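What the coordinates show
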Amino acid sequence: MKCLTEERERVSRKIKYMEIQQLIEHLKKEISVYKEFIAVLHNETENVVARDYKNLYDTICGKEHLLARIGSLGRERRELMSAAARANGLEGGSTLTSIMEKAQDPLKTELKGCQATIFSLIESVKDINKVNSIAVKGSLDNIRKTLGFLSSFIPNANYKPTGTFDGIEVKGGRLNKGA
């Protein structure tokens, strides 16, 4: 009977280890996708600043693809976290921190490292998005100023600084209003 209990305990530890190891491998995949995403965001910044609209379009398509991958990886992570939480005796909506608390030392350290890296990458994404927003806003301001400047020279100008064409709003005319 003692051997059976020891065997169950050994199998239980192995399952806990495997579940957490799968979670760590998955987090490493997420880290690589976030790094790709940051590279795409840097390309987006360069394209906006250089006004390279063809490459900007291609970059945005790549960005949307990566966002879909990030969403998919997030769903997979939730499933892996639930499995790791169940294997470690945690109930309900467990967090990565609560799973780390139950993990043994080498896995715990690796989980903390993955978590810190992901937090850092997300902060980088936020910072780059702020820069891109400022660059796009600056471009829209320049377009409005140019249209206003051109319309002041021609009394019956077709193009208005508000983004309208003879009173009819054209595609993209609401961009300066945040729509």
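What you see is a predicted model, and the numbers here were worked out from it, not measured in a lab. (Residues numbered from 1 in each chain as written. Predicted model: local features only at pLDDT ≥ 70, side-chain atom pairs only at ≥ 80, totals over all residues. Heavy atoms only, no water.)

**What to know about the overall build of the protein chain**
A tally of regular secondary structure across the protein chain gives 4 helices and 2 strands. Secondary structure of the protein chain in N-to-C order comes out as α-α-α-α-β-β. Put simply, the protein chain has 179 residues, and 30% of those count as buried. Across the protein chain, the fraction of contacts at a sequence separation of at least 24, relative to all contacts at a separation of at least 6, is 60%. (Helix = DSSP H or I, 4+ residues; strand = E, 2+ residues; numbered from the N terminus. Buried < 20%, exposed > 50% of the residue type's maximum accessible area, 1.4 Å probe, protein only. Contact = heavy atoms within 4.5 Å.)

**Considering the packing of helix H1 (residues 2-50) against helix H2 (residues 53-87)**
Interaxial distance between H1 and H2 falls to 9 Å at its minimum, and their mutual angle equals 165 degrees. By the angle class used here, H1 and H2 are roughly antiparallel. For H1 against H2, the interelement crossing comes out left-handed. Across the contact of H1 with H2, the residue classes tally to 21 nonpolar, 7 polar and 10 charged. (Axes fitted to C-alpha atoms, helices over the stretch in contact; angles between N-to-C directions. Parallel < 35°, antiparallel > 145°, perpendicular 65-115°, else oblique. Left-handed = near helix turned anticlockwise from the far one by under 90°. Nonpolar A, V, L, I, M, F, W, Y, C, P; charged D, E, K, R; others polar.)

**A closer look at the side chain of Asn88**
Looking at where Asn88 falls in the secondary structure, it is placed in the loop between H2 and helix H3 (96-102). Those residues within four positions of Asn88 in sequence are excluded, and the remaining contacts are Lys16, Ile20 and Lys102.

**Notes on H2**
An α-helix turns once per 3.6 residues; consequently, residues spaced three or four apart project the same way. Compared with an ideal rise of 1.5 Å per residue, which puts 35 residues at 51 Å, H2 spans 50 Å between its outermost C-alpha atoms and is within 8% of the ideal. One or two residues past the end of H2 sits Gly89, with phi positive at roughly 75 degrees. (Expected span 1.5 Å × (residues − 1).)

**Comments concerning the environment of Ser32**
On the secondary structure map, Ser32 appears in helix H1. The class of Ser32 is partly exposed, set by a relative accessible area of 35%. Spatially, the C-alpha atoms of Ser32 and Leu121 are 10.0 Å apart, while their sequence positions differ by 89 residues.

It is worth stressing that arrangement in space is one thing and function is another; only the former is reported here.
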